[in-house]
Amino acid sequence: ETGVTQTPRHLVMGMTNKKSLKCEQHLGHNAMYWYKQSAKKPLELMFVYSLEERVENNSVPSRFSPECPNSSHLFLHLHTLQPEDSALYLCASSQVTWGTEENTIYFGEGSWLTVV
Amino acid sequence: GQQLNQSPQSMFIQEGEDVSMNCTSSSIFNTWLWYKQDPGEGPVLLIALYKAGELTSNGRLTAQFGITRKDSFLNISASIPSDVGIYFCANANAGNMLTFGGGTRLMVKP
């Protein structure tokens, strides 16, 4: 139990569906992240929210839409995805101390997404 | 952009053997982190290093922050089957964003 909870753990969706991934952190952290992990690729940072404001996008396709309603919750809204978007989507959180690089992030267990 | 070169990409060892993996970067950093990812799970932090030359242990795991601040290694002593998984190095850039290495996939033969 890392203090970061993701739901659902597994999701199968069609290319025309709209679905959302949910993440909740119980660690009192001030930053939350979405990472994508595909087979044989390094972890790819998708979105970062710090103090509930998006600070990095990394040119992620618009079919992925993040939402951070408060410091404990993060969503990833999915719409008209492609089969190549099938991957493990990992949520993470951290307590960022500005002016230092001491940023240890804690991951959830991930949501396995399959687009058919 | 920033890249972390992690090696080896995979290892297949006998139970009881020691393991060593490392990460190098062309840039200097102030943080090195090591994570382990079990199959079907998210990465879990193993060791965090914040000072050049720092040597830190966590049970059978030992990690060091290279003195040049461009590299780090992780050693696992007397490996056991539950050590199986993917090990990632990571470090933070000036914007506090983490970059991950490509991972080392460890397989342990009982």
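In case you missed it, the structure is sitting above this.
Cut-off values and rules
- Residues numbered from 1 in each chain as written.
- Chains lettered and ligands numbered in written order.
- Predicted model: local features only at pLDDT ≥ 70, side-chain atom pairs only at ≥ 80, totals over all residues.
- Heavy atoms only, no water.
- Pairing = 2+ DSSP bridges.
- Helix = DSSP H or I, 4+ residues; strand = E, 2+ residues; numbered from the N terminus.
- Axes fitted to C-alpha atoms, helices over the stretch in contact; angles between N-to-C directions.
- Disulfide = S-S within 2.5 Å.
- Buried < 20%, exposed > 50% of the residue type's maximum accessible area, 1.4 Å probe, protein only.
- Polar contact = N/O pair within 3.5 Å; in protein donor to acceptor, adjacent residues only side chain to side chain.
- Contact = heavy atoms within 4.5 Å.
- Buried area = accessible area lost by both parts, 1.4 Å probe.
- Nonpolar A, V, L, I, M, F, W, Y, C, P; charged D, E, K, R; others polar.
- Core = buried A, V, L, I, M, F, W, Y, C linked by side-chain atoms within 4.5 Å.

Novice: For the sheet that holds strand E8 (residues 73-79) of chain A, give the residues involved together with the corresponding values.
Specialist: Residue and element names in this part refer to chain A. The 4 strands are arranged E1-E3-E8-E7 in an open sheet whose pairing can be described as antiparallel. A strand with exactly one partner marks an edge of an open sheet, and here the two such strands are strand E1 (4-7) and strand E7 (64-70). Put simply, the sheet's adjacent strands are angled 20 degrees from each other on average, direction ignored. As judged from the 7 bridges shared by strand E3 (residues 18-25) and E8, these two strands associate in the antiparallel manner. Following the sheet pairing, lysine 22 is matched in E8 by phenylalanine 75.

Novice: Talk me through the state of the cysteines; I want residue IDs and the actual numbers.
Specialist: All chains considered together, the criterion is met by 2 disulfides over all chains. A sulfur-sulfur distance of 1.9 Å marks the disulfide that ties cysteine 23 of chain A to cysteine 91 of chain A. Linking cysteine 23 of chain A and cysteine 91 of chain A, the disulfide has an S-S dihedral of approximately -75 degrees and is accordingly described as left-handed. Of the two residues, cysteine 23 of chain A is situated in strand E3 and cysteine 91 of chain A in strand E9 (residues 87-94); the sequence distance between them amounts to 68 residues. Under the relative-accessibility criterion, cysteine 91 of chain A is labelled buried at 0%. Paired by a disulfide, cysteine 23 of chain B and cysteine 89 of chain B hold their sulfur atoms 1.7 Å apart.

Novice: Could you give me a rundown of the environment of glutamine 37 of chain A, with the residues and numbers involved?
Specialist: In this fold, glutamine 37 of chain A is placed in strand E4 (residues 31-37). Judged by relative accessible area, glutamine 37 of chain A falls into the buried class, the value being 11%. A C-alpha to C-alpha distance of 17 Å links glutamine 37 of chain A and threonine 5 of chain A, two positions 32 residues apart in sequence. Here glutamine 37 of chain B takes part through its side chain, which lies 2.7 Å from a polar atom of the side chain of glutamine 37 of chain A.

Novice: Tell me about the environment of phenylalanine 65 of chain B, and name the residues and values.
Specialist: All names here are of chain B. With respect to the helices, strands and loops of the structure, phenylalanine 65 is situated in strand E7 (residues 61-65). Judged by relative accessible area, phenylalanine 65 falls into the buried class, the value being 1%. Taking the C-alpha atoms as reference points, phenylalanine 65 and cysteine 23, separated by 42 residues in sequence, lie 10.0 Å from one another. The contacts of phenylalanine 65, once residues within four sequence positions are left out, are Phe29, Asn30, Thr31, Trp32, Leu49, Tyr50, Lys51, Ala52, Gly53, Glu54, Asp71 and Ser72.

Novice: Mind laying out the interface of chain A and chain B, listing which residues take part and the relevant values?
Specialist: Each partner contributes residues to the interface: chain A has 26 residues there, and chain B has 23 residues. Roughly 1900 Å² of surface becomes buried between chain A and chain B when both sides are summed, with 55% attributable to carbon and sulfur atoms. At the surface where chain A touches chain B, the tally comes to 4 residue pairs in polar contact (both at pLDDT 80 or more). Secondary-structure elements contributing two or more residues to the side of chain A that touches chain B are E4, strand E5 (44-50), strand E6 (53-56), E9 and strand E10 (105-107) of chain A. Broken down by class, the residue content of the side of chain A that touches chain B amounts to 15 nonpolar, 6 polar and 5 charged.

Novice: An account of the sheet that holds strand E1 (residues 4-7) of chain B is requested, with residue identities and associated values reported.
Specialist: All names here are of chain B. Spatial ordering of the open sheet is given by E1-E3-E8-E7-E6, a layout of 5 strands whose pairing is antiparallel. This sheet does not close on itself; its edge strands, each paired only once, are E1 and strand E6 (55-58). Taking each pair of neighbouring strands and ignoring which way they run, the sheet shows an average axis angle of 15 degrees. One ladder, built from 6 bridges, connects strand E3 (residues 19-25) with strand E8 (residues 71-76); its direction is antiparallel. Its bridge partner lying in E8, valine 19 is registered against isoleucine 76.

Novice: Now, about the nonpolar core: what can you tell me, with residues and values included?
Specialist: Membership of the largest hydrophobic core comes to 22 residues, with the highest contact counts inside it found for Trp34, Phe64, Leu76 and Leu78 of chain A. Every element with two or more residues in this core is listed here: strand E2 (10-13), E3, E4, E5, E7, E8, E9 and strand E11 (111-115) of chain A. Discounting chain neighbours no more than four positions away, the residues touching leucine 76 of chain A are Lys19, Ser20, Leu21, Trp34, Met46, Phe47, Phe64, Ser65, Pro66 and Tyr89 of chain A. With 21 residues, the next largest nonpolar core counts Val48 and Leu90 of chain A together with Phe88 and Leu98 of chain B among its residues.

Novice: Got a sec to walk through the pairing of E7 of chain B? Specific residues and values, please.
Specialist: Residues and elements named next belong to chain B. Of the two faces of E7, only one is covered, namely that formed by Leu61, Ala63 and Phe65; the face formed by Thr62 and Gln64 stays uncovered. One ladder, built from 4 bridges, connects E6 with E7; its direction is antiparallel. Across the sheet, residue threonine 56 finds its bridge partner in E7, namely alanine 63. Here E6 folds back onto E7 in antiparallel fashion, the turn holding 2 residues, of which glycine 59 has a positive phi close to 65 degrees. Linking two consecutive strands that pair antiparallel, namely E7 and E8, is a turn of 5 residues; a positive phi of about 70 degrees is found at arginine 69 within it.

Distances and angles like these do not, on their own, reveal function.
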